[in-house]
Amino acid sequence: AQSVAQPEDQVNVAEGNPLTVKCTYSVSGNPYLFWYVQYPNRGLQFLLKYITGDNLVKGSYGFEAEFNKSQTSFHLKKPSALVSDSALYFCAVVEGVYNTDKLIFGTGTRLQVFP
Amino acid sequence: DAMVIQNPRYQVTQFGKPVTLSCSQTLNHNVMYWYQQKSSQAPKLLFHYYDKDFNNEADTPDNFQSRRPNTSFCFLDIRSPGLGDAAMYLCATSRGYGGSGGVEQFFGPGTRLTVL
């Protein structure tokens, strides 16, 4: 079965510094990976996805993620963090590619950006 | 703007009193999903509709039911809410199954359910 792991419950970073939120995956075939962000009392917002092609994926709000097949990782990055980036971030992988596109979420990482 | 709308945003019900949560979409997407999310945990898929075809997750309690009368609307019915059903309920849509696995889901703002 497909799964993703987010090893950090919380990441703290100062505003203006680069940020990284980690995600590793375990899949039996080609990985289809997503990042979503959730602000307090809101639904999830799609940030970016990796399906195939360039290992560096660019997404919304200046975020990007690097797909690394040898390390089975898909870390989320941003060169310069903003206080407004503080939120809960979920990595996800698709299960059942030809059937249901069911999203399997990681446990989430809370990003706190300090002024 | 095209979007996913959930009503109400906050719902309070009593233990055992049936409750219905509503989701509507203007995206004209084929697939509508219902998730349960507790205390900033990962969302847990309850079931989804592909058009009129209903797909239940194996571990979704019988207490949870769903209806999709048309493309735009989908309802989550909780027949006899227990204290453990207090959670955020998220509706999501997608334009179909990706085939290549690449179809993202669009989420509504959620309904926070409190059970007294």
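Definitions and limits used
- Residues numbered from 1 in each chain as written.
- Chains lettered and ligands numbered in written order.
- Predicted model: local features only at pLDDT ≥ 70, side-chain atom pairs only at ≥ 80, totals over all residues.
- Heavy atoms only, no water.
- Helix = DSSP H or I, 4+ residues; strand = E, 2+ residues; numbered from the N terminus.
- Rg over C-alpha atoms; globule rule 2.2 N^0.38 Å.
- Buried < 20%, exposed > 50% of the residue type's maximum accessible area, 1.4 Å probe, protein only.
- Areas by Shrake-Rupley, 256 points an atom, 1.4 Å probe, with all protein chains shown as cover.
- Lys, Arg positive; Asp, Glu negative; His and termini not counted.
- Charge placed at Lys NZ, Arg CZ, Asp CG, Glu CD.
- Core = buried A, V, L, I, M, F, W, Y, C linked by side-chain atoms within 4.5 Å.
- Contact = heavy atoms within 4.5 Å.
- Disulfide = S-S within 2.5 Å.
- Polar contact = N/O pair within 3.5 Å; in protein donor to acceptor, adjacent residues only side chain to side chain.

A. Focus on the overall build of chain B. Helix and strand counts for chain B stand at zero helices and 11 strands. Ordered by position from N to C terminus, the α and β elements of chain B give β-β-β-β-β-β-β-β-β-β-β. Taking 13 Å as the expected radius of gyration for a compact globule of 116 residues, we find that chain B reaches 14 Å, a close match to that expectation. With respect to the principal axes defined by its C-alpha atoms, chain B has extents near 40 × 30 × 30 Å. Buried residues in chain B amount to 50% of all 116 residues. For chain B, the computed accessible surface area is about 5400 Å², with 50% contributed by carbon and sulfur atoms. Each charge sign in chain B was given a centre, from 10 positive and 9 negative side chains, and these centres are 7 Å apart.

B. Main features of unusual backbone geometry. Put simply, B:N7 and B:P8 share a cis peptide bond, and its omega is -10°. For B:P8, the location among the structural elements is in the loop between β1 (4–7) and β2 (10–13). Phi at A:Y61 takes a positive value of approximately 60°, unusual for a residue other than glycine. Phi at B:N28 takes a positive value of approximately 60°, unusual for a residue other than glycine. Structurally, B:N28 is set in the loop between β3 (19–25) and β4 (31–37). What makes B:N28 exposed here is its relative accessible area of 61%.

C. Spotlight on the nonpolar core. All names here are of chain A. Ranked by size, the top nonpolar core spans 28 residues in total, and within it W35, L47, L48, F74, L76 and Y89 carry the most contacts. Listed by contribution, the elements that provide at least two residues to this core are β2 (10–14), β3 (19–21), β5 (33–38), β6 (44–50), β8 (64–68), β9 (73–78), β10 (87–95) and β12 (109–114). Per-element tally for this core: the top contributor is β10, with four residues. Apart from the residues lying within four places of it in its own chain, the contact partners of L48 are L33, F34, W35, V57, K58, G59, F63, E64, A65, F74 and L76.

D. Focus on the state of the cysteines. Residue and element names in this part refer to chain B. By the definition in use, this model includes two disulfides over all chains. Covalently, C23 is tied to C91 through a disulfide, its sulfur atoms 2.0 Å apart. Because the torsion about its S-S bond is -70°, the bridge between C23 and C91 counts as left-handed. Residue C23 is located in strand β3, and its partner C91 is located in strand β9 (residues 87–94); the two are separated by 68 residues in the primary sequence. We note that C23, like C91, is buried. Here C74 is not cross-linked by a disulfide; its sulfur's nearest cysteine counterpart is in C91, at 6.1 Å.

E. Spatial organisation of the environment of B:L21. Residue and element names in this part refer to chain B. Relative to the assigned elements, L21 resides in strand β3. Assessed through its relative accessible area of 0%, L21 is described here as buried. In this structure the C-alpha to C-alpha distance between L21 and G110, which are 89 residues apart in sequence, comes to 9.7 Å. Among residues more than four places away in sequence, those in contact with L21 are N7, Q11, W34, C74, F75, L76, Y89 and T111.

F. Up close: the side chain of B:T13. Residues and elements named next belong to chain B. Along the chain, the position of T13 falls in strand β2. In terms of polar contacts, T13 uses its side chain to reach the backbone carbonyl oxygen of K17, at 3.1 Å. Apart from the residues lying within four places of it in its own chain, the contact partners of T13 are P18, V19, P81, L113, T114, V115 and L116.

What is shown is where atoms sit, not what they do.
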